[in-house]
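# Geometric and topological summary
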Amino acid sequence: MVGHGGALTRNSRASLWRFARALFTTNLNAALALRGAFVTQTVFMILNNVVFFVFWWVLLRRVPHLRGWRLPDVEVLFGITATSFGLVVALTGGVRQLGQFIEEGELDTLLTQPKPTLLYALGIRSRASGFGDMLSGIGFLAISGHVTIVTIPLVAVLIAAGSTTILACGIVFFSLPFWIGRTETISRQLWELLITFSLYPEPLFGGVLRLMLFTVLPAAFVSYLPVQIIRQPSVAVVTVLLAGSAAYLAFAVRVFERGLRRYASGSRFVAFG
Amino acid sequence: MTALRKYVAFARIAAVQAARGRGELYGRMAFVAVILGVFSALWKAVGEAGMPIAVEMSALVWYLAVTEWILLTPAPAYVDIEADVRRGDVAYQLARPASYLGAAMAQGVGVLVVRAPVLAATCFVCAFAVTGRMPDPRSFVYVVPFGISAMVLIHALYVLTGLAAFWLGDVSPLFWVWQKLLFVLGGLMLPLALYPEWMQWLAHGTPFPSLLAGPGSFVLGVGSADAWTLASRLACWAVVITFGALVVFRRAVRNLQLHGG
């Protein structure tokens, strides 16, 4: 079992890239086959994000700024978080099912494949709602006025870093069943907490909570630092962001590999499609 | 009396099941605690910039505690009804000597009996913990009965949404739309007084403000005069929703008999 986790280093990067691309293409085609459902989920996710934004729109019409944050800053916050989260659930939608795979012994099928188990488990699903998140996120970024043609590459890097952190947290939270059994509710809530905190301006939080948001529940690496970089570009903060998100991902992969050693087969045959 | 006993039994079974589903209840309690903490910090920051409404920061946190209590207590009955329709279970449930709609409503009330006190305690204790203040104790005389009435109506709307599964199959998109309308037009996070006039006008043409903002506004200092207005609005919407559910259900059953389940 460990061999499959460790296989990440043995396979050539090109082979892994082809495999990941094939997984995504297959999932996307499957999602698009149900065109009506795909469009509905995409549209409703956009609507969902816009509705939540109405709160900030109403509030910041009445109060010009909150500890230095204005409406365009909140638009960037929503844009970065929604695009990053959308990217994760569209490309690696299997992360939310990781706990179910572990609890119900459904990793067996993946372990028999000659590809890295974690990559396979993550890429096994693509959620249409993720495309709605991405579209609405791009819309928020576009209307914010903070993003120009020149800064698009930087924003893409920031979104990639945010996505990496969200994915890493998802892997850790949904790997908890390796150690403490059925944790579906707890894992889901921890992940939702991460997203919730990522959607509020950083200056609102202080003390121990602030420390938590930079460490165990790293909303700072999802949205606070990216927004700070867009408002005031800084090489040092970009370096911290990239190093931090890479470290979270490395930690998450390590956690999954350690958990895989404890995995007990469900003795079930499950067909994934 | 015998007829009533049947529905009491439905309610009791649902209450027992709700009491056993502790994971979901704990999840909702944790969510309330976090969201009230976040909004307490938010209103503090708003207070520094100048409150846009003539109420204290603590009152706005209490307002959110009341609206979240009302929103989080009812169980999403549309999920069960949709599953009944999809699996075809609804066919044998219709043949039972009890109304399908009546049973669904009784089950919802059973869940409320278990969840409402627990979530009320969570919401109100958390609101007190983060603000250190209590609203006028007399406001609870209105908040509790109006809040519970609103929960029953929200449950009825869940049931009505679930009945759409007889035609649509998957009712999730329909649910998302009305849930988002409830959040915005109901004034879940902000009192409607902060909204632009056109949004307030739009909101008052729907049942949503009576379900959330109405009961929540009692902790903002709204008095007994408004209680009568809210009571009459809730009664009107109860009639409309009940009538709508009966009509939709009759058509659904006729549709099922003609085309099969």
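What this report covers is the structure whose coordinates are included nearby.

Each value, and the rule that gives it
- Residues numbered from 1 in each chain as written.
- Chains lettered and ligands numbered in written order.
- Predicted model: local features only at pLDDT ≥ 70, side-chain atom pairs only at ≥ 80, totals over all residues.
- Helix = DSSP H or I, 4+ residues; strand = E, 2+ residues; numbered from the N terminus.
- Rg over C-alpha atoms; globule rule 2.2 N^0.38 Å.
- Contact = placed C-beta atoms within 7 Å.
- Axes fitted to C-alpha atoms, helices over the stretch in contact; angles between N-to-C directions.
- Parallel < 35°, antiparallel > 145°, perpendicular 65-115°, else oblique.
- Left-handed = near helix turned anticlockwise from the far one by under 90°.
- Expected span 1.5 Å × (residues − 1).
- Buried ≥ 20, exposed ≤ 12 C-beta atoms within 10 Å, placed from the backbone.
- Nonpolar A, V, L, I, M, F, W, Y, C, P; charged D, E, K, R; others polar.

### Observations regarding the overall build of chain A
- Regarding its fold elements, chain A presents 14 helices and 0 strands.
- Starting at the N terminus and ending at the C terminus, chain A contains elements arranged as α-α-α-α-α-α-α-α-α-α-α-α-α-α.
- Taking 273 residues into account, the globule formula puts the C-alpha radius of gyration at 19 Å, and chain A, at 19 Å, falls close to it.
- A principal-axis box enclosing the C-alpha atoms of chain A has dimensions of 60 × 45 × 35 Å.
- Once local pairs closer than 6 in sequence are excluded, the contacts in chain A between residues at least 24 apart make up 82%.

### As for the packing of helix α4 (residues 71–91) of chain A against helix α13 (residues 219–231) of chain A
Residues and elements named next belong to chain A.
- Put simply, α4 and α13 touch, their axes get as near as 9 Å, and they point 130° apart. Relative to α13, the element α4 lies oblique. The way α4 lies across α13 gives a crossing that is right-handed. The segment α4 lies against α13, with D73, V76, L77, I80, T81 and S84 engaging V222, S223, P226, V227, I230 and R231.

### Regarding the interface of chain B and chain A
- Every contact between the two is made by 22 residues of chain B and, on the other side, 21 residues of chain A.
- Take the side of chain B that touches chain A: its biggest share by element is 11 residues, from helix α2 (residues 22–49) of chain B.

### Considerations on helix α9 (residues 152–174) of chain A
- For α9(A), spanning 23 residues, the distance from its first C-alpha to its last is 32 Å, which sits close to the expected 33 Å at 1.5 Å a residue.
- Across the 23 residues of α9(A), 17 count as buried, placing the element largely inside the fold.

### A few points about the packing of helix α3 (residues 35–62) of chain A against helix α9 (residues 172–185) of chain B
- α9(B) packs onto α3(A) with a crossing angle of 10° between their chain directions and a minimal axis gap of 10 Å. Relative to α9(B), the element α3(A) is oriented roughly parallel. Only B:P173, B:W176, B:K180, B:F183 and B:V184 of α9(B) make contact with α3(A), whose side of the interface consists of A:T40, A:F44, A:L47, A:N48, A:V51 and A:V54.
- The residue inventory of the contact of α3(A) with α9(B), partitioned by class, reads 8 nonpolar, 2 polar and 1 charged.

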